[in-house]
Amino acid sequence: MKSAVILFPGINRENDAIAALKQATGTEPAVVWHGDTELPKTDIIMVPGGFSYGDYLRCGAMAAKSPIMRAVAERAKQGVTILGVCNGFQILTEAGLLPGALMRNASLKFICKNTHLKIENTDTRFTNLYGAGDVVDYPVAHHDGNYFADSETLDRLEGEGRVVLRYCDVDGKVDPATNLNGSQRNIAGIINEAGNVLGMMPHPENAIDPMHGGTDGRNLFKSMVEAAS
Amino acid sequence: MSSNDFNSTPITPELVKEHGLNEEEYKLVLEIMGREPNINELGIFSVMWSEHCSYKSSKKWLKTLPTKADWVIQGPGENAGVIDIGDGQAAVFKMESHNHPSFIEPYQGAATGVGGIMRDVFTMGARPVANLNALRFGEPDHPKTRHLLSGVVEGIGGYGNCMGVPTIGGETNFHASYNGNILVNAMTVGLADTDNIFYSAAAGIGNPVVYVGSKTGRDGIHGATMASAEFDDDSEEKRPTVQVGDPFTEKLLLEACLELMATDMIVAIQDMGAAGLTSSSFEMASKGGVGVELWLDKVPMREEGMTPYELMLSESQERMLMVLKPGCEDAAKAIFDKWELDFAVIGTLTDTKRMVLKWHGEVAGDLPIDPLAEASPEYDRPWEPTPKQDRIDPASLSGKMSHVDALKTLIASPDLASRRWIWEQYDHLVRGNTVIRPGGDAGVVRVEGTNKGLAATTDCTPRYVMADPVEGGKQAVAEAYRNLVATGAKPLAITDNMNFGNPERPRIMGQFVGACQGIGEACIALEFPVVSGNVSLYNETNGVGIMPTPAIGGVGLISDLGHHATIGLKRDDSALIMIGAATGELGQSLYLKTIEGREEGAPPPVDLGAEKRAGTVIHELIELGLVRTCHDIADGGLLVTVAEMCLAGNIGADVFLPESGSEIAWLFGEDQGRYVIATRDPDKVLNAASSANVAAAIIGQAGGDALSIDGDAKVTLSELRSLNEGWMPSFMAEAV
């Protein structure tokens, strides 16, 4: 099982991504520099969190134009499993691999805390080890996680089961009071049409060790590995 | 000034005064130079001899602080202190103030404070793994407080979050004495290999002097001089001297420096902080006993028409100066090219022991290095001790409020309300090693790839220091020690950030001298030496000084993370045991201030021998795995401590009243050297304490969903929680 982590200048959660992939795959992921034009042979690609290019211009906008992103888009087309977390999600939307955009949190503040998430679709290669209706606990750490898309796109995402994660409370209740950052319809993570690209704001890679206070994130990585093997 | 008239600007007495040099000091300048300096040279003397860079008022007393222990690799004098944490690794840390800039421009002031302290740490070859801070604001209803608090917190988060360094702890106080002069102290802890630590002493005549990082602009010129003067109503006009931070560039600089440090190309390295190129080049040359020739026209510049004067004094951020081994320039440059950072050879080391500044071939300045760097003025300023205050007699209290109402009032007060609103704006999880998050006694991060943990905390109780600088100085160190112990760490060393008013006033100087004495005594007794620090004086506005605030940053080591403690009560905890003795000290307590409206009395004394014995036995109990729940008793006293343990674990408790004596003093006294432990095996804890000659007694019982006193007078945890969590968000949401 081979995995790769894409590194842009300003990315800072690569360490965490590498640890999670290593735990799930048993091998060290390849680290690919943004200026490279080719990817190694790999079953899983992860675009980690951070502040690529300092979030200047717009979160993820500059990284989306990096040379390596052409190769990532090519692999996406070929059906390779691709996970974008936090800044990685922003980069994937800016690169057009996922619909919508991430705006500033409704509170206008950076938020770092644990949050409950409802797994809305367990029939994806990222979530098939979770049970239907499971509520999981991952941390978030972002300033721009407020998911936006027009209502036509949102309806389509919902209709096609492409909303994978939503902010909720401990009992799985999804409503404005449990909407962490103002996201449309409490959306925390979505997949592309083909189902091989997931973008999400919360950090499953920071919930893989009892020391983190919980290990709910492990199954997301395990699901990816099992689906890809 | 155009770039070529530096020899024609007349050096008038007014100009000398504007540069912050008094007549005596200017006489010394003339003596050292043997002639009148030109404007560039005057500017260099000005910043090098500023209080901020020269420590001229504080040096005499700082020298008295204990700085040695077997595990100290590098004490004060380098960019940061270094301690051995075993297995070939070292912790590198320091705390530094950015008070004046943060008052003028809170976001950028705080952000660049965080950026500066991280640079100090990675300059030594360490990867920053934890940030902390110590913040003091004016009283909550002062019109500026919300604006300053929100800007400072955003600035700290904006920089630290982008750098990918978790902010794991800190403290925040409010008091009217900070209305016109807030304190922003930032601390960074880094990890390095003991055989790959970098120092600043330049060596190797003919070796290239290299500039890396951001380009130099006109920001922050005379920042160090500003930091060495009192504030007045015109201080807002000093806004242009506040530096502007670019955390993205610093992240690149961090990665590029660590990549270069993994090779064998660097002789010496120093970050450009206060007084920029001047301070870094003089310090490197002075420590190495060499001379430098700098080619200022080669410095990467952000704007056109910059002068040598501006280049030497700019405090543009995210820059480093280094001396490379000869012939390494191209390989080193390739690393900085990869990270898209400027890299320029801007000079060479000479054997002249002089700093020669060249500007397109012309000499723009020529100064001796040692007299400037080493022979800076040192003052033995007159000082007066602070008069002692009387102990508070519990009989003098009105006792107008029930214990539970007093608890509810205290826990919702600005002094004790939850700081969650602040720390949720900091990424405290990035790097995936955070074991204890903010809100406990100390933050803890795992030493990556091991099962060891680094614990870190910042502490000071300024109202104690104000009332009795010696006891207050001891207390600040003792509280840092206690906060580390309470997590299961062995306390190793501290960094001190000495924030005081105008040292030219004997009363203020007396506070400084007293605090140094107290800190020194505590460091010796607790085997907890000072390895780095920073002094910030002249924290005054319109002649009103701040409360003396010697903020202490402590670092300790948890040898096995399988055995550590947190403050929250756990399901299997039953007995609550208080470790340490109490006589009911209410002087300067929050109860006295908040409930009785009295800010007075002698602060609680610190018995350093008892402190050490208690710390040692608790560390052992946690290390053996016998205790997993521990919280030190600090602001607010015993009842507040238990309430915090209940809230953190979401489990209630009953606290027993004493058989005799003042109930208020028992519940709310702030006697030092104490902890509350929760355990299901009280006998083991009591026996261990007894054989270590440490006072210990069962003072309550864990369980339920409310906090009660002697089985009565209940308050539910949900009510306590909403009081404790509610204050800051609603305060910050109110319109200014």
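Residues numbered from 1 in each chain as written. Chains lettered and ligands numbered in written order. Predicted model: local features only at pLDDT ≥ 70, side-chain atom pairs only at ≥ 80, totals over all residues. Heavy atoms only, no water.

Inclusion rule: UniProt positions are given in the numbering used here, feature names are shortened, and annotations may be inferred rather than shown by experiment.
Within an unreviewed UniProt entry, the label attached to chain B reads Phosphoribosylformylglycinamidine synthase subunit PurL, and the organism entered is Thalassospira profundimaris. Its UniProt record gives chain B the following Catalytic activity (unreviewed entry) comment, quoted word for word: "N(2)-formyl-N(1)-(5-phospho-beta-D-ribosyl)glycinamide + L-glutamine + ATP + H2O = 2-formamido-N(1)-(5-O-phospho-beta-D-ribosyl)acetamidine + L-glutamate + ADP + phosphate + H(+)". In its Subcellular location (unreviewed entry) section, the UniProt entry covering chain B states "Cytoplasm".

Under an unreviewed UniProt entry, chain A has the name Phosphoribosylformylglycinamidine synthase subunit PurQ and belongs to Thalassospira profundimaris. UniProt annotates chain A under Pathway (unreviewed entry) with the comment "Purine metabolism; IMP biosynthesis via de novo pathway; 5-amino-1-(5-phospho-D-ribosyl)imidazole from N(2)-formyl-N(1)-(5-phospho-D-ribosyl)glycinamide: step 1/2." According to UniProt, the comment filed for chain A under the heading Subunit (unreviewed entry) is "Part of the FGAM synthase complex composed of 1 PurL, 1 PurQ and 2 PurS subunits."

## Description of the interface of chain B and chain A
Counted only if it meets this: Contacts are assigned to residue pairs that have any heavy atoms within 4.5 Å of one another. Once two parts are brought into contact, the accessible area they lose, counted with a 1.4 Å probe and summed over both, makes up the buried area. When a carboxyl oxygen of Asp or Glu lies within 4 Å of a side-chain nitrogen of Lys or Arg, that pair is called a salt bridge. Under the rule applied, a polar contact is a pair of N or O atoms within 3.5 Å (in protein, one hydrogen donor and one hydrogen acceptor; residues adjacent in sequence only if both atoms are side-chain atoms). Strands here are runs of E lasting at least two residues and helices are runs of H or I lasting at least four, both read from the DSSP assignment and numbered beginning at the N terminus.
Counting residues at the interface gives 29 residues for chain B and 25 residues for chain A. Summing the contributions of chain B and of chain A, the shared interface buries around 2300 Å²; its carbon and sulfur component is 55%. The three residues of chain B that bury the most area against chain A are F248(B), E424(B) and R437(B), which together make up 22% of that side's buried surface. Seen at the junction of chain B and chain A, the total is two salt bridges. As a salt-bridge pair, D209(A) and R446(B) come within 3.1 Å of each other at their nearest N and O atoms. Applying the counting rule to chain B against chain A returns twelve residue pairs in polar contact (both at pLDDT 80 or more). Counting residues per element, the ones that place at least two in the side of chain B that touches chain A are α8 (145-163), α10 (247-261) and β14 (434-436) of chain B.

## What to know about the sheet that holds strand β23 (residues 629-632) of chain B
Residues and elements named next belong to chain B. Rules: Strands were regarded as paired on the criterion that DSSP finds at least two bridges between them. In this analysis an axis means a line fitted to C-alpha atoms, helices contributing only their contacting stretch, and an angle means the value between N-to-C directions, from 0 to 180 degrees.
Pairing is mixed across the open sheet formed by seven strands, whose spatial order is β23-β25-β22-β26-β24-β27-β28. The open sheet has two free edges, formed respectively by β23 and β28 (712-716), since each of these has just one partner strand. Taking each pair of neighbouring strands and ignoring which way they run, the sheet shows an average axis angle of 25°. Summarising the sheet, strand β22 (residues 575-579) and strand β26 (residues 696-702) pair through five bridges and their orientation is antiparallel.

## Digging into the confidence of the model for chain B
Predicted coordinates in regions of low pLDDT should not be interpreted in detail. Spelled out, the test is: The quantity known as pLDDT measures the predictor's confidence residue by residue, on a range of 0 to 100.
This prediction gives chain B a mean pLDDT of 95; 97% of its residues lie at or above 70. The ipTM assigned to the predicted complex is 0.97, against a pTM of 0.96.

## Side note on the UniProt feature "binding site: substrate" (unreviewed entry) in chain B
Residues and elements named next belong to chain B. To be explicit about the condition: With a 1.4 Å probe rolled over the protein chains alone, any residue whose accessible area is under 20% of its type maximum counts as buried; one over 50% counts as exposed, and the rest are partly exposed.
As recorded in UniProt, the sites labelled "binding site: substrate" (unreviewed entry) are S97, H98, N99, H100, R119, Q243, E315, S316, Q317 and S536. With respect to the helices, strands and loops of the structure, H98 is situated in the loop between β3 (89-97) and α6 (99-104). Residue contacts for H98: discarding those within four places in its chain leaves G109, T112, G113, V184 and Q243. Reaching out from H98, the side chain makes a polar contact with the backbone oxygen of G109 at a distance of 2.7 Å. Tracing the backbone shows H100 in helix α6. H100 sits in the buried class, given a relative accessible area of 2%.

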